[in-house]
Protein chains: 2
Amino acid sequence: MGQLTREQIKINKVKTSKIDSIDFNNLAFGQVFSDHMLTCDYIDGKWQLPQIEPFAPISLMPSAKIFHYGQSIFEGMKAYKDSNNDIFLFRPLDNVKRLNISAKRLAIPEIPEDYFMEGLKALLNIEKDWIPTKEGSSLYIRPFTFATGEGFHASPADNYKFIIACAPSGSYFAGKVKVLIEEKYSRSANGGVGFAKAGGNYAGQFYPTQLAKDKGYQQVIWTDDTTHEYIEEAGAMNVFVRINDTLLTSPVSDRILDGVTRKSILELAKAEGIKTEVRKIKVSELVEAAKNGSLKEIFGAGTAAVISPISGFGFRDQDFDLPEIKDTFGEKLKNKIVAIQTNKTEDPFGWRIKV
Amino acid sequence: MGQLTREQIKINKVKTSKIDSIDFNNLAFGQVFSDHMLTCDYIDGKWQLPQIEPFAPISLMPSAKIFHYGQSIFEGMKAYKDSNNDIFLFRPLDNVKRLNISAKRLAIPEIPEDYFMEGLKALLNIEKDWIPTKEGSSLYIRPFTFATGEGFHASPADNYKFIIACAPSGSYFAGKVKVLIEEKYSRSANGGVGFAKAGGNYAGQFYPTQLAKDKGYQQVIWTDDTTHEYIEEAGAMNVFVRINDTLLTSPVSDRILDGVTRKSILELAKAEGIKTEVRKIKVSELVEAAKNGSLKEIFGAGTAAVISPISGFGFRDQDFDLPEIKDTFGEKLKNKIVAIQTNKTEDPFGWRIKV
Ligand SMILES: Cc1ncc(COP(=O)(O)O)c(C=O)c1O
Ligand SMILES: Cc1ncc(COP(=O)(O)O)c(C=O)c1O
């Protein structure tokens, strides 16, 4: 099978763009969507050719398995545009590969890498004007696959749909982020699907997160479901902790997503001469460090949230506020990574891909 | 708010029924669907009036949260018809209540009980001819709710759709059922959503179940994700084990679904003078009992599978076949429960509801 070429992607453009109705200076996260999407159907045991079509409703039988058995996976990426109007992606192949890791675990057919990459590039060329350039804004890209095949038997579907949609977006969090360390509810099981970007992982977090919000926190930090003694990750971010001058993060596992931002930060920090440690982090260690003042920073890391400083955490009805310090690792690393992503600096790592 | 009345349910019937195209003598499970469905939309913070309409495609934005965050829950019920053409349901209120337990955990708005029950009854009256009467067949009923509200922010949707669809169905399993006791993969976490009928719980089982199928088993028996020492339940069934003359089943928990069939069997068995025990069951106990001959039966229990005898189990590359015995508890209890469901016997428990 040869590589997919751009010419094989059928394109059906909208008659009139809705771009003029969008206020690019006041973008929320993932609330408005661009004119077009890439779609690709898995039918008769194979992925058909991808095509670009208007972002519009899709039609599904009520018996489609997506409605019943949660067979859905997704990715989150961003596109950036520099002052030359060139488009850039950040480590996009890592997202393709992770989508296919998720696919395997959820018994969903893997998407050919060239269908994903060629399709995405073709889409971005058409949606170029939708990429915001305001600082802190970007075009959030959502590739996802779900079961369209029908049936009430609890077994994998026969047909699937892969879509890439785009949402010009502002920042994920508004304001300070305080987190609650959760001891009752869990995000994932040993031997479960926590390492996959499976839709069901997110729905399961909403109720506990709502309870945390009611108490004044914006996010939950999950702990392992067996002992609840170790911190794992946040709703849509990996978590970093700075104790004195060491930057810590938990090892990934079958319960924790292997975040692209997380691993980039680990490499960037090393290059910056920041001492890093990847090891399990006890909740008690965090509490102790907060008490004795050695806990300097906590931040979340993810494509959507970039690097989001955490201002404090709650644990067992006690609140621990973090000190306001200067020259944080979080700020420094965020500036570095954003500069690479937006083509404002060299990229010694080879992470930035020009579209 | 008064109770919903039948007259408030708007009905839009199909022009021509497709019933004549269905071979009621050769029904698979959940593969063909009746002419109509009940639908009900949650918009502007409240459930709108339910309506009955043709079973036909539904239209959704690609940004609807069902595609991204797995916000979906469901139930499984059956309708039966007796020789007088009367329609019966089995403990339907338990399904309504469980759907709302699932709803709460998945941050989905709860459906008013009268919308569900009145809507279902109205639907069944219209779909009466779709209820099979052949032994072992029934009308499988699938109530489900999913997120229609849009957005790429990982948070609960604002809008939802509740649907009840019907599928005239034959038996869930074809042939003997051999199960594999799973030690690596898990179905659910402590503090997770295993007790809910959440779509994502099922997708997560497909891949490990496929691996088991490749080895010649039809289903997986899940163990707890912490120690893998205790058996919990099967893919879509609770599990019963008979050791000598005692019938055992695991207690329900936040990882295990509180099955309607399971609790009915426990009551029926007691009424039949069968000794029952609800307690944790060690895998090692099962293996030991298989070896010393005290393990007489294993069966799965669920609405779809009714009572499905299990002919043997695999554990760590060893296979344990169960003896073929007469007068099994499984057979006896199955006959009792089916007779109650189909109005062939008295129902001292008050489980059977005439529609
Ligand atoms: C559960 C979870 N953890 C971590 C992350 C961060 O991963 P990445 O940096 O690849 O976006 C995400 C978001 O993608 C996530 O959903
Ligand atoms: C995971 C799981 N366990 C058990 C059951 C059995 O429950 P019930 O007897 O209520 O159908 C089902 C099916 O409904 C199920 O999906």
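Since the model is a prediction, treat every value here as computed from it, not as a measurement.

Participant: Tell me about the layout of surface pockets, residues and numbers included.
Facilitator: Residue and element names in this part refer to chain A. Of the voids in this model, the second largest pocket is the one considered here, and its volume is about 1100 Å³. In terms of lining residues, the second largest pocket is bounded by 46 residues, among which Ile 307, Ser 308, Pro 309, Glu 331 and Lys 334 are the most central. Sorting elements by how many residues they give to the lining of the second largest pocket places helix H7 (residues 329–341) first, with seven residues.

Participant: Any chance you could break down the state of the cysteines for me, citing the residues and the numbers?
Facilitator: Inspection of the entire model under this criterion finds zero disulfides over all chains. Residue Cys40(A) stays outside any disulfide, its sulfur separated by 16 Å from that of Cys166(A), the closest cysteine.

Participant: Explain the site of ligand 1 to me, using residue names and the numbers behind them.
Facilitator: Residue and element names in this part refer to chain A. In the vicinity of ligand 1 there are 16 residues, among which Lys 197, Tyr 202, Glu 233, Thr 261 and Thr 303 approach most closely. Glu 233 is positioned with one of its side-chain polar atoms (N or O) 2.4 Å from a nitrogen atom of ligand 1. Between ligand 1 and the protein, one listed contact pairs an oxygen atom with a side-chain N or O atom of Thr 303 at 2.6 Å. In isolation ligand 1 has 390 Å² of accessible area, and contact with the protein removes 97% of it. Residue assignment for the shell around ligand 1 shows that the elements contributing at least two residues are strand E14 (237–243), helix H5 (260–271) and strand E18 (295–302).

Participant: Describe the interface of chain A and chain B, naming the residues involved and giving the relevant values.
Facilitator: How big an interface is tends to be stated in terms of the accessible area lost upon association of its parts. Taken residue by residue, the interface counts 60 residues in chain A and 60 residues in chain B. Counting each side, the surface lost to burial between chain A and chain B is near 5200 Å², with a carbon and sulfur contribution of 66%. Contact with chain B buries surface across chain A, with Phe67(A), Phe152(A) and Phe206(A) losing the most and accounting together for 15% of the total. At the boundary of chain A with chain B, the tally comes to zero salt bridges. Its residues placed into classes, the side of chain A that touches chain B shows 34 nonpolar, 20 polar and six charged. In terms of strand pairing, strand E5 (residues 58–60) of chain A meets strand E5 (residues 58–60) of chain B through three bridges, oriented antiparallel. Following the sheet pairing, Ser59(A) is matched in E5(B) by Ser59(B).

Participant: If you had to explain the nonpolar core to someone new, which residues and values would you point to?
Facilitator: Residues Phe67(A), Val241(A), Phe313(A), Phe67(B), Val241(B) and Phe313(B) are the most contacted members of the largest nonpolar core, which totals 95 residues. If near-sequence neighbours (up to four positions away) are discounted, Val241(A) is found in contact with Ile231(A), Thr246(A), Leu247(A), Leu248(A), Ile281(A), Leu286(A), Leu295(A), Glu297(A) and Ile298(A).

Participant: With reference to specific residues and values, describe the site of ligand 2.
Facilitator: All names here are of chain B. In the vicinity of ligand 2 lie 16 residues, with Lys 197, Tyr 202, Glu 233, Thr 261 and Thr 303 positioned nearest. Separating a nitrogen atom of ligand 2 from a side-chain N or O atom of Glu 233 is a distance of 2.4 Å. The contact in question runs from an oxygen atom of ligand 2 to an N or O atom on the side chain of Thr 261, over 2.5 Å. About the coverage of ligand 2: the protein hides 97% of its 380 Å² of free accessible area. Looking at the shell around ligand 2, the elements that each hand over two or more residues are strand E14 (237–243), helix H5 (260–271) and strand E18 (295–302). Residue classes in the shell around ligand 2 are distributed as six nonpolar, six polar and four charged.

Participant: Please give an account of the relation of the copies chain A and chain B that cites residues and values.
Facilitator: Relative to chain B, chain A is turned by 180° and slid 0.0 Å along the rotation axis, the superposed coordinates differing by an RMSD of 0.0 Å. Given the turn and translation reported, the copies of this chain are related as if by a two-fold rotation axis. An overlap of 100% is found between the interface residues of chain A and their copies at the interface of chain B, pointing to a shared contact surface.

Participant: Report on the packing of aromatic side chains, specifying residues and quantitative values.
Facilitator: A full pass over the atoms with the stated rule returns 46 aromatic pairs over all chains. The interplanar angle of 40° and the centroid separation of 4.4 Å between the aromatic rings of Phe146(A) and Phe67(B) together place this pair among those described as tilted. You can see Phe146(A) sitting in strand E9 (residues 138–147) and its partner Phe67(B) sitting in helix H1 (residues 66–69), one on each of two chains. Centre to centre, the rings of Tyr172(A) and Phe173(A) are 5.2 Å apart; their planes meet at 85°, and the pair counts as edge-to-face. We note that Tyr172(A), like Phe173(A), is buried. Cluster of aromatic residues (ring-pair linked, three or more members): Phe29(A), Phe33(A), Phe55(A), Tyr140(A), Tyr172(A), Phe173(A) and Phe152(B). When the ring centre of Phe88(A) is taken as origin, the NZ or CZ atom of Arg352(A), which lies over that ring, is 5.8 Å away. Across from the ring centre of Phe329(B), 3.8 Å away, lies the NZ or CZ of Arg242(B), which sits over that ring.

Participant: Any details on the UniProt feature "modified residue: N6-(pyridoxal phosphate)lysine" (unreviewed entry) in chain A? Residues and values, ideally.
Facilitator: All names here are of chain A. Taking the numbering used here, the UniProt-annotated feature "modified residue: N6-(pyridoxal phosphate)lysine" (unreviewed entry) corresponds to Lys 197. Tracing the chain through its elements places Lys 197 in the loop between strand E11 (177–181) and helix H4 (199–214). Once you skip the residues sitting within four places of it in the chain, Lys 197 turns out to touch Ser 72, Ile 73, Phe 74, Glu 75, Gly 76, Arg 98, Ser 102, Tyr 202 and Leu 257.

Calculation rules
- Residues numbered from 1 in each chain as written.
- Chains lettered and ligands numbered in written order.
- Predicted model: local features only at pLDDT ≥ 70, side-chain atom pairs only at ≥ 80, totals over all residues.
- Heavy atoms only, no water.
- 1 Å grid on protein atoms, 1.4 Å probe; cavity = no way out; pocket = protein on both sides within 12 Å on 5 of 7 lines; lining within 4 Å.
- Points joined across faces, edges and corners; volume = space filled by probe spheres on them.
- Helix = DSSP H or I, 4+ residues; strand = E, 2+ residues; numbered from the N terminus.
- Disulfide = S-S within 2.5 Å.
- Near = heavy atom within 4 Å.
- Polar contact = N/O pair within 3.5 Å; in protein donor to acceptor, adjacent residues only side chain to side chain.
- Areas by Shrake-Rupley, 256 points an atom, 1.4 Å probe, with all protein chains shown as cover.
- Contact = heavy atoms within 4.5 Å.
- Buried area = accessible area lost by both parts, 1.4 Å probe.
- Salt bridge = Lys/Arg side-chain N within 4 Å of Asp/Glu carboxyl O.
- Nonpolar A, V, L, I, M, F, W, Y, C, P; charged D, E, K, R; others polar.
- Pairing = 2+ DSSP bridges.
- Core = buried A, V, L, I, M, F, W, Y, C linked by side-chain atoms within 4.5 Å.
- Buried < 20%, exposed > 50% of the residue type's maximum accessible area, 1.4 Å probe, protein only.
- Least-squares fit on C-alpha atoms with pLDDT ≥ 70 in both.
- Phe/Tyr/Trp six-rings, centres within 6.5 Å; stacked < 30°, edge-to-face > 60°.
- Lys NZ or Arg CZ within 6 Å of the ring centre and 35° of its normal.
- UniProt positions renumbered as here; feature names shortened; annotations may be inferred.

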